[in-house]
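Residue-level structural notes
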Amino acid sequence: MPNDSMRTVLVALGAGLGVALAKAGAAVFTGSSALAAEAAHSLADTANDLSLFVAQRRSSRPPDDQHPLGYGREAYFWALIAALGVFVAGAVFSLREGIDELIHPSATSSFAVAYVVLAISTVLDLLSFRQSTGQLIRRARRYHRELLEESRVTSDPTVRAVFIEDAVSVSGDVIALAALALNQITGSSIFQGVAAVLIALVLIRVSLRLIQRSHDFLLGAWAGSAGGPRGHDVGG
């Protein structure tokens, strides 16, 4: 339902903003490149969620004389903007941060602060992930599909984007935690540089996938799939 999609976006937006601010502050305080990469990732996610919020508002407008079939496809345009945001804002910064760390290793301080911030961030990301997963599960049952299949073929670009975004966010938190632990154990910051590069590569892969799906739906590639959008009912 459209209201479910709006709720999913709002939960992701609230969680993402809190996580982004916490990670950015901790990255400055500790000097951790892995945290800096994750902060950029979370800030990009927050900007993407704002785009998805706009997508939900604009695509839910009723049909009018100029748009007799409604504004449903506008959601795919804004989802495309959001996917580009992942690549430009998150991936590029994370990649630069990781490469810089590998070439010019730095020292990380206050590991305890970094662990606490990442632990809290993981909890918030999991709460958002639970919301998006729950919506996808309900849609999957409606169309007799598996969860991952529904995430690929769903006609709702916002829930797809938030679901993938949340999954990647949780994965990024785990990668950053592992890198910090290895750094603390071995005394080498190379692990944080590798983690930042890995996070960037995951973001690039995900953004390209989301861009491709938005492109397909904008061109009408959804027409033959069950549960595809009709008119303005994108969040159905």
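Each value, and the rule that gives it
Residue indices begin from 1 for each chain and proceed along its sequence in written order. For a predicted model such as this one, the threshold for reporting local features is a pLDDT of at least 70, and the threshold for listing and counting side-chain atom pairs is 80 or more; totals across whole chains, interfaces and linings nevertheless cover every residue. Excluded from the side-chain calculation are hydrogens and water; included are all heavy atoms of the structure. Under the scheme used here, helices are H or I runs from DSSP no shorter than 4 residues and strands are E runs no shorter than 2 residues, and both carry numbers assigned from the N terminus. Accessible area is worked out with a 1.4 Å probe on protein chains only. A residue is then buried under 20% of its type maximum, exposed over 50%, and partly exposed in between. Between two residues, a contact is recorded if the distance between any of their heavy atoms is within 4.5 Å. Areas reported as accessible are Shrake-Rupley estimates using a 1.4 Å probe. Residue values count occlusion only from the protein chains shown. Multiplying 1.5 Å by the residue count of a helix minus one yields the expected span of that helix. A residue's pLDDT is the confidence the predictor assigns to it, expressed on a 0 to 100 scale. For this analysis, a ring pair means two rings from Phe, Tyr or Trp (six-membered ring only for Trp) whose centres lie within 6.5 Å, classed as stacked if their planes differ by under 30 degrees, edge-to-face if by over 60, and tilted for the remaining angles. Here, axes are lines fitted to C-alpha atoms. For helices the fit covers the stretch in contact, and angles between N-to-C directions go from 0 to 180 degrees. If an angle is under 35 degrees, it is roughly parallel; if it is over 145, roughly antiparallel; if it lies from 65 to 115, roughly perpendicular; otherwise it is oblique. Left-handed describes a crossing in which the near helix is turned anticlockwise from the far one by less than a right angle; the clockwise case is right-handed. Side-chain classes are defined by residue name, with Ala, Val, Leu, Ile, Met, Phe, Trp, Tyr, Cys and Pro counting as nonpolar, Asp, Glu, Lys and Arg as charged, and the others, Gly among them, as polar.

Turning our eyes to something else, we now look at the overall build of the protein chain. A tally of regular secondary structure across the protein chain gives seven helices and zero strands. Across the 236 residues that make up the protein chain, the buried fraction comes to 50%. For the protein chain, the proportion of contacts with a sequence separation of at least 24, taken over those separated by at least 6, is 80%. For the protein chain, the computed accessible surface area is about 10700 Å², with 68% contributed by carbon and sulfur atoms.

With 32 residues, helix α4 (residues 111–142) extends 46 Å from end C-alpha to end C-alpha; this agrees with the ideal 46 Å at 1.5 Å per step. Trailing α4 by a residue or two, His-144 shows a phi angle of about 60°, which is positive.

What follows deals with the confidence of the model for the protein chain. Detailed reading of the predicted coordinates is not advisable wherever pLDDT is low. When pLDDT is averaged across the protein chain, the result is 82; 86% of the residues are at 70 or more. In the model, residues 223–236 has pLDDT below 50 throughout and makes 37 contacts with residues more than four positions away in sequence or in other chains.

Before going further, it helps to spend a moment on unusual backbone geometry. A negative phi angle characterises most non-glycine residues, just as the trans form characterises most peptide bonds. With a phi close to 55°, Ser-110 is a non-glycine residue in the positive phi region. Of note, the phi angle at His-144 is positive, near 60°, even though the residue is not glycine. In this fold, His-144 is placed in the loop between α4 and α5 (147–153). Taking the relative accessible area as the measure of exposure, His-144 reaches 75% and is therefore exposed.

Mapped onto the fold, Val-174 is located in helix α6 (residues 157–186). Residues Val-174 and Leu-118, 56 residues apart in the sequence, show an inter-C-alpha distance of 8.4 Å.

Note that Glu-150 resides in helix α5. Given the relative accessible area of 0%, Glu-150 is considered buried. When residues no more than four places from it in sequence are discounted, the contact partners of Glu-150 are Leu-136, Arg-139, Ala-140, Tyr-143 and Arg-145.

With that out of the way, let us pick up the environment of Trp-78. As for its position among the elements, Trp-78 is in helix α3 (residues 74–103). Sequence separation of Trp-78 and Gln-56 is 22 residues, and the distance between their C-alpha atoms is 9.0 Å. Excluding anything up to four places from it in sequence, Trp-78 contacts Ser-51, Val-54, Ala-55 and Arg-58.

The full count for this structure, using the stated rule, is two aromatic pairs. Taking the centre distance of 6.4 Å and the plane angle of 35° together, the rings of Phe-111 and Tyr-115 count as tilted. With Phe-111 and Tyr-115 both in helix α4 and four residues apart, this pair spans about one turn of that helix. Given a relative accessible area of 25%, Tyr-115 falls into the partly exposed group.

Okay, the packing of α4 against α6 next. As a packed pair, α4 and α6 sit with axes 8 Å apart at the nearest point and diverge in direction by 155°. The orientation of α4 relative to α6 falls into the category roughly antiparallel. The way α4 lies across α6 gives a crossing that is left-handed. Taken together, the residues of the contact of α4 with α6 break down into 16 nonpolar, nine polar and four charged.

Before going further, it helps to spend a moment on the side chain of Ser-42. Following the sequence through the fold, Ser-42 ends up in helix α2 (residues 33–59). Leave out the neighbours within four places in its chain, and Ser-42 touches Gly-16, Val-19, Ala-20 and Lys-23.

So, on to the packing of α6 against helix α7 (residues 190–218). Axis separation between α6 and α7 bottoms out at 9 Å; the angle between their running directions is 170°. Relative to α7, the element α6 lies roughly antiparallel. The segment α6 lies against α7, with Arg-160, Ala-161, Ile-164, Val-168, Gly-172, Ile-175, Ala-179, Leu-180, Leu-182, Asn-183 and Thr-186 engaging Phe-191, Gln-192, Ala-195, Leu-198, Ile-199, Val-202, Leu-203, Val-206, Leu-210, Arg-213 and Phe-217. For the contact of α6 with α7, a count of residues per class yields 16 nonpolar, four polar and two charged.

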